[in-house]
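If you want the building blocks of each chain, they are given just below.
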Amino acid sequence: MLQPPTHSTAHATADASAEVAAASAAALAVLAATDVRTLASALLAGLADCGLPARAMAWLDAGQLRWQPPWLADADAPAIQSIVESALLGGADRLPAQLHLLHADIQGPQAVLLLPDAEAGADTAAPRTPAQQQLLQRASQRLVELQVLSQLLASVQQLKQAEQLQHALFTIADLAASVHDMDDMLRGLHRIIGSLMYAHNFFIALHDRERQSLRFLYFVDEKDGPLYAANDEIPEARMADSFTLAIIRQARRVRGPAEQVATLLGLDQGAIVGTPSVDFMGVPMMREGQALGVLAVQSYCPGFSYTEADCALLGFVAEHVLNAIERKHSQQRLEQHVAERTRELARANAMLQQQVAERERAAHLQATLYRIAALANTQESHDSFYRSVHLAVGELINAENFYIALISADGAELQFPYRVDTSGETGQPRPLGRGVSEYLMRHGRTLLLTHADLQQLLAQGDIELPGPRQHISAVCWLGAPLLGSQGVIGVVAVQSYRPDLRYSPQDADLLTFVSHQIANSVQRRQQAQALQAFNAELEQRVQQRTSELRQEIAVREQIQAQLKHQVMHDPLTGLPNRVYLRDCLRRALQAYQGHADQGFALLYLDVDRFKLINDSLGHLTGDQVLVEVARRLLDSLRPQDMVARLSGDEFAILVHDPLQPDTACLVARRIQQRMQTPVPLAERELPISVSIGIAVCHARYRDIDAILHDADLALYRAKAGGRQRYMLFEPEPQGVALNVLEIEQQLRQALRVGQLQPYYQPIVRLADLSVVGWEVLMRWHHPRRGLLAPGDFLPVAEQTGLVEALDWHLYRLACQEGAALLHSGAFMTLNVSARHFLNVDFAQMLLALLQDTGLPAARLHIEITESALLRDPHTVAPVLQQLRDAGVGVALDDFGTGYSSLGHVHRFALSMIKIDRSFTGDLGASQQPRGVAIIEAILSLGRSLALHVVAEGVENQAQRHILRDMGCQLGRGYFFGRPAPAEHWLALQPTTQPSL
């Protein structure tokens, strides 16, 4: 039978229920705590309600011992704190009973409870009630949760700081690459650093080790203002005790109050520059172990201090700030160089334009003077002659008021056979007096007189006004005497009545020349009249006239000899010309055919790159070069030899000597050596060289044209072999020569009738075999030999100069019919011969063809070989750049086989490189480590420079897989398809193609 509860039992039960309720309420408060201190307060209160009062709770926070309540940290003895720290750090094996560890599942003990002093003497702690144990367990669990939460918050904060730092670095890089000037960039850097830390007071200083000076690029300070100007160069002596120079010299980071920083840097605290800061932080900007500058921030706010994390962050940012400043300096230097170069080019262009204008003016002047000189020998009437002279003079100077005055036969009058005057004055004869014309004839020289000069002459009595005129109306007067065999016979003059029209000394020189032509014409006409007057006496003076005629005949023969010399010689160099050479060569051949010991040789030479000299420096310089070459050729020859100028820069030398070809080669070497000295021209020295072809006399020659042809062919071979050399003609088999001529004729016929056709070979993406482009190849549908590849006829085209005509024929056909193959971004490549780059208008011609055919420039790539680049890189580079600017791609063919491929990729405006088939041909058949390494290097280079890479000569599936696995994207070869006409591929291809 159940017994009713006693009073004590009921009381115990009530206490237990109250303890459980208090423990539950405390557990809820513990679980709701958001930090350790709140948890400690809730736990201490809950334990007190559960009958286990504790004095305090201690825990470690970032290595520091924390207490709840806080005042206990000072109230307790140091021994207690030592025991607590040992318990938290796990250093005590056995703890006193007054300490209770709150264990966690991670990282060991989290907190220690300090129990009341009453239990201090006990060896073991009193047993805990279930409610107390449950509350302690809930506290331990919440400690774990708070620790995990703290770690997560710390990670989030670190990620946020990293993101903020990364954004700041990106912004610094963007500022360095922006178009802002240095001041804007530095202000931007200040804003960026200000977003990372307190930076209201901030400066950047650079150190010049060579000049031993400092320069503060940027300086902002709340207290001291603009202490240093950005462009001031401060000697180190002035900054000897400054933080800035000490940080650079010691290459160390410092932070702290100004007095503490001075002590750290070993400086006198009394030498602090500016207002002492509450906290200062400065870091060196390092490059290769050397401090090149300082980045510093400082604060004047009491209680504020920078942390070690701030110092590390500023040190990390300093390197990027230095990069940005150096990049901006480089950009500024580049912009300055570009601006200076632009100004130089503008000045050069202005000078060239001025030279062109002067040459045009000189050409016009020369043509007009020749026309005036020719007028003097015409048979037209006096009036017609004078009008023609007036019109010619009017083209050179203003001649709206023009007259010619002549002294009459009796010397009493001044006659005006021609006069045009806007003032209305007529050309009536007047007696000789003291007019301006008579004044000029008295002095016998050209006079240029202003209105003031005329007034002065009038006042001095040197001249008088003719007729009723009372004043001088001419603003400017210019006259030249007409000089005859007996003295002055008249005057030619122009005058101006307008203040805006005044004559110059150059006009005076011109009028002087015109006066000579007019005087010659007048005298000739006067002599003709005298001849008619004496015609009646001709019979009586036959003997005398016969003697005079003999003298005239002698003079005429001399003149004819001079004319013959002019006909047979070059007017520029004075050398014999082609006509003279052919005559000498004909006589030499005839002598050799009669006597075999009368040997000779013909040297055919021209000046290397003479067209470039003419185009770059002008024809006047080119003429000077030709004159100098002629002089050196004459110095290099023996007296019995002959040199002639044929045309342009072509010369020929006829060497008479039975020891051939030894003598001819000796002369050629002497000429080559003589040409090594540069030609001095104005302010430069121009290097020149010549190429020489030699044809030696032989029994096979029947006429001189054959000798000239063989010498010319030898010259062509010498130039093809690299210029600046000589080469003897070596006859080829007759069949080969005839075959070349036959192929040349057939090629010309093929161009006319359309036998040449473009064939297309696909360029595919190796990953999925989709066609992304087409290489255009030339095929010849020969009427008898069938389909011919380029190797069967292009060498003949190169030799005969037909290759350019063939190429342009192919380009037009490809742009017209090949456009149908270009879907979805596909492109087409055309092979360009090196000859095209000799034409400075090649880029304009190709772009005009694209515009004419409607083919977009972006769909076209031109392929060039290294030989084209090496021939004249200074000429090729701007042509390629002009095409790239217009959108046309440029591919370097057979990449990797030349000695300068890397230089070409860096120097020229390329968009694609093509791996030569010599590297891809052995892939799959045998391992070729060197070939594979070269292909990998080319692919890596293409990726680095953003160039498309095409592998040539892919012939099988194994090669395709190897290249694809190596990272090559594009390929061409028989494995993907052989060259075929456009209609063949149009019948096979889908409606769309993937783009490159």
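Residues numbered from 1 in each chain as written. Predicted model: local features only at pLDDT ≥ 70, side-chain atom pairs only at ≥ 80, totals over all residues. Heavy atoms only, no water.

J.: Help me get a handle on the packing of helix 15 (residues 578–594) against helix 19 (residues 704–720), residues and values and all.
T.: At a minimum axis distance of 10 Å, the contact between helix 15 and helix 19 shows a crossing angle of 110°. Between helix 15 and helix 19, the angle falls in the class roughly perpendicular. Taken together, the residues of helix 19 that come into contact with helix 15 (itself represented by L581, R582, L585, R586 and L589) are I704, D705, I707 and L708. For the contact of helix 15 with helix 19, the residue count by class is 6 nonpolar, no polar and 3 charged. (Axes fitted to C-alpha atoms, helices over the stretch in contact; angles between N-to-C directions. Helix = DSSP H or I, 4+ residues; strand = E, 2+ residues; numbered from the N terminus. Parallel < 35°, antiparallel > 145°, perpendicular 65-115°, else oblique. Contact = heavy atoms within 4.5 Å. Nonpolar A, V, L, I, M, F, W, Y, C, P; charged D, E, K, R; others polar.)

J.: So what's going on with the side chain of D893? Which residues, and what values?
T.: Tracing the chain through its elements places D893 in strand 29 (residues 889–895). Put simply, D893 is tucked away with no salt bridge, and the nearest opposite charge, on K914, sits 4.7 Å away. Residues contacting D893, with those up to four places away along its chain left out, are N831, E863, I864, T865, K914 and E952. (Buried < 20%, exposed > 50% of the residue type's maximum accessible area, 1.4 Å probe, protein only. Lys, Arg positive; Asp, Glu negative; His and termini not counted. Salt bridge = Lys/Arg side-chain N within 4 Å of Asp/Glu carboxyl O.)

J.: I'd like a rundown of the pairing of strand 10 (residues 290–299), residues and numbers included.
T.: Within strand 10, 8 of the 10 residues are buried, which leaves the element mostly enclosed by the surrounding structure. Bridging between strand 5 (residues 201–208) and strand 10 involves 6 bridges; their strand directions are antiparallel. Directly across from F203, in strand 10, lies its bridge partner A296. Pairing of strand 9 (residues 279–287) with strand 10 involves 9 bridges; the strand directions are antiparallel. The residue of strand 10 that forms the bridge with M286 is A291. In textbook terms, the turn of a hairpin is the stretch between consecutive antiparallel strands, and for strand 9 and strand 10 this stretch comprises 2 residues, one of which, E288, has a positive phi near 55°. (Pairing = 2+ DSSP bridges.)

J.: Help me get a handle on the packing of helix 16 (residues 610–617) against helix 17 (residues 619–636), residues and values and all.
T.: Any two packed helices are characterised by the angle at which their axes cross and by the distance between the axes. For the pair helix 16 and helix 17, interaxial distance at closest approach is 6 Å and the crossing angle is 140°. Considered as vectors, helix 16 and helix 17 are oriented oblique to each other. Contact residues: F610, I613, N614 and L617 in helix 16; H619, T621, G622, V625 and L626 in helix 17. Counted by class, the contact of helix 16 with helix 17 contains 5 nonpolar, 4 polar and no charged residues.

J.: A description of the sheet that holds strand 13 (residues 430–431) should follow, citing residues and the corresponding values.
T.: By way of backbone hydrogen bonds, the strands of a sheet pair with one another, either parallel or antiparallel. The strand order across the open sheet formed by 6 strands is 13-12-11-16-15-14, and the pairing between neighbours is antiparallel. The open sheet has two edge strands with one neighbour each: strand 13 and strand 14 (447–450). In this structure, strand 15 (residues 476–484) lies alongside strand 16 (residues 487–496), joined through 9 bridges in antiparallel fashion. Across the sheet, the residue bridging to W477 is Q495, located in strand 16. The strands touched by helix 11 (residues 436–443) are strand 11 (402–407), strand 12 (413–420), strand 13, strand 14, strand 15 and strand 16; relative to strand 15, the strand with the most contacts, the crossing angle is about 50°. Against the sheet, helix 12 (residues 451–460) contacts strand 14 and strand 15, and its axis sits at roughly 90° relative to strand 14.

J.: Quick rundown of the sheet that holds strand 18 (residues 642–647)? Include the residues and the values.
T.: Pairing is mixed in the open sheet, where 5 strands are placed in the order 18-19-17-22-23. Only two strands of the sheet have a single partner each, and these edge strands are strand 18 and strand 23 (726–728). Strand-to-strand twist in this sheet, taken as the mean axis angle between neighbours without regard to direction, amounts to 20°. Pairing of strand 17 (residues 600–607) with strand 22 (residues 690–696), which is carried by 7 bridges, proceeds in the antiparallel orientation. Residue pairing for strand 22: A601 is matched across the bridge by V696.

J.: Break down the packing of aromatic side chains for me, with residues and values.
T.: Here the structure, examined in full by the defined rule, presents 17 aromatic pairs. With a centroid separation of 5.1 Å and 50° between ring planes, the pair formed by Y198 and F304 is classed as tilted. Here Y198, found in the loop between helix 6 (182–196) and strand 5, pairs with F304, found in the loop between strand 10 and helix 9 (308–375); they are 106 residues apart in sequence, far enough to count as distant. Residue F304 is classed as partly exposed on the basis of its relative accessible area, which comes to 29%. Here the aromatic residues W808, Y811, F837 and F842 are joined through ring pairs into a cluster of three or more. Stacked on the ring of F416, the Lys or Arg R419 has its end atom at 5.2 Å from the ring centre. Note that R700 overlies the ring of Y701, its terminal NZ or CZ placed 4.8 Å from the centroid. (Phe/Tyr/Trp six-rings, centres within 6.5 Å; stacked < 30°, edge-to-face > 60°. Lys NZ or Arg CZ within 6 Å of the ring centre and 35° of its normal.)

J.: Please give an account of the pattern of salt bridges that cites residues and values.
T.: By the definition in use, this model includes 30 salt bridges. Across the salt bridge formed by R972 and E775, the nearest N and O atoms sit 2.7 Å from each other. Taken together, the residues R972 in strand 32 (residues 970–972) and E775 in strand 25 (residues 771–782) connect sequence positions 197 residues apart. Assigned by exposure class, R972 and E775 land together as buried. A salt bridge links E955 to R917; its shortest N-O distance comes to 3.8 Å.

J.: I'd like to hear about a nonpolar patch on the surface, residue by residue, with values.
T.: Residues V555, I559 and L563 make up a contiguous nonpolar surface patch of about 250 Å² in total accessible area. Residue position: V555 is located in helix 14 (residues 542–568). Using a relative accessible area of 44% as the deciding quantity, one classes V555 as partly exposed. (Patch = residues over 30% accessible without salt bridge, like charges linked within 9 Å, V, L, I, M, F, W, Y side chains within 5 Å. Areas by Shrake-Rupley, 256 points an atom, 1.4 Å probe, with all protein chains shown as cover.)

J.: Which residues make up the environment of I397, and what values go with them?
T.: Note on placement: I397 falls in the loop between helix 10 (382–396) and strand 11. Residue I397 is classed as buried on the basis of its relative accessible area, which comes to 5%. When neighbours within four sequence positions are excluded, I397 is seen to be in contact with V494, D507 and L510.

J.: A description of the side chain of D279 should follow, citing residues and the corresponding values.
T.: Examined against the element boundaries, D279 turns out to sit in strand 9. No salt bridge forms around the buried D279; measuring N to O, its nearest opposite-charge neighbour R255 is 5.8 Å away. In this structure the side chain of D279 is engaged in a polar contact, spanning 3.2 Å, whose partner is the backbone nitrogen of G256. In this structure D279 touches R255, G256, P257, V297, Q298, S299, F304, S305 and Y306, once residues within four positions along its chain are discounted. (Polar contact = N/O pair within 3.5 Å; in protein donor to acceptor, adjacent residues only side chain to side chain.)

J.: Please give an account of unusual backbone geometry that cites residues and values.
T.: Following Q660, the chain continues to P661 via a peptide bond in cis, the omega torsion being 10°. A positive phi is found at R609, a non-glycine position, where the angle reads about 60°. Inspection of the secondary structure assignment puts R609 in the loop between strand 17 and helix 16. A residue is classified by how much of its surface remains accessible, and R609, at 39% relative accessible area, is partly exposed. For L769, which is not a glycine, the phi torsion comes out positive at approximately 65°. Its place among the elements puts L769 in the loop between strand 24 (756–765) and strand 25.

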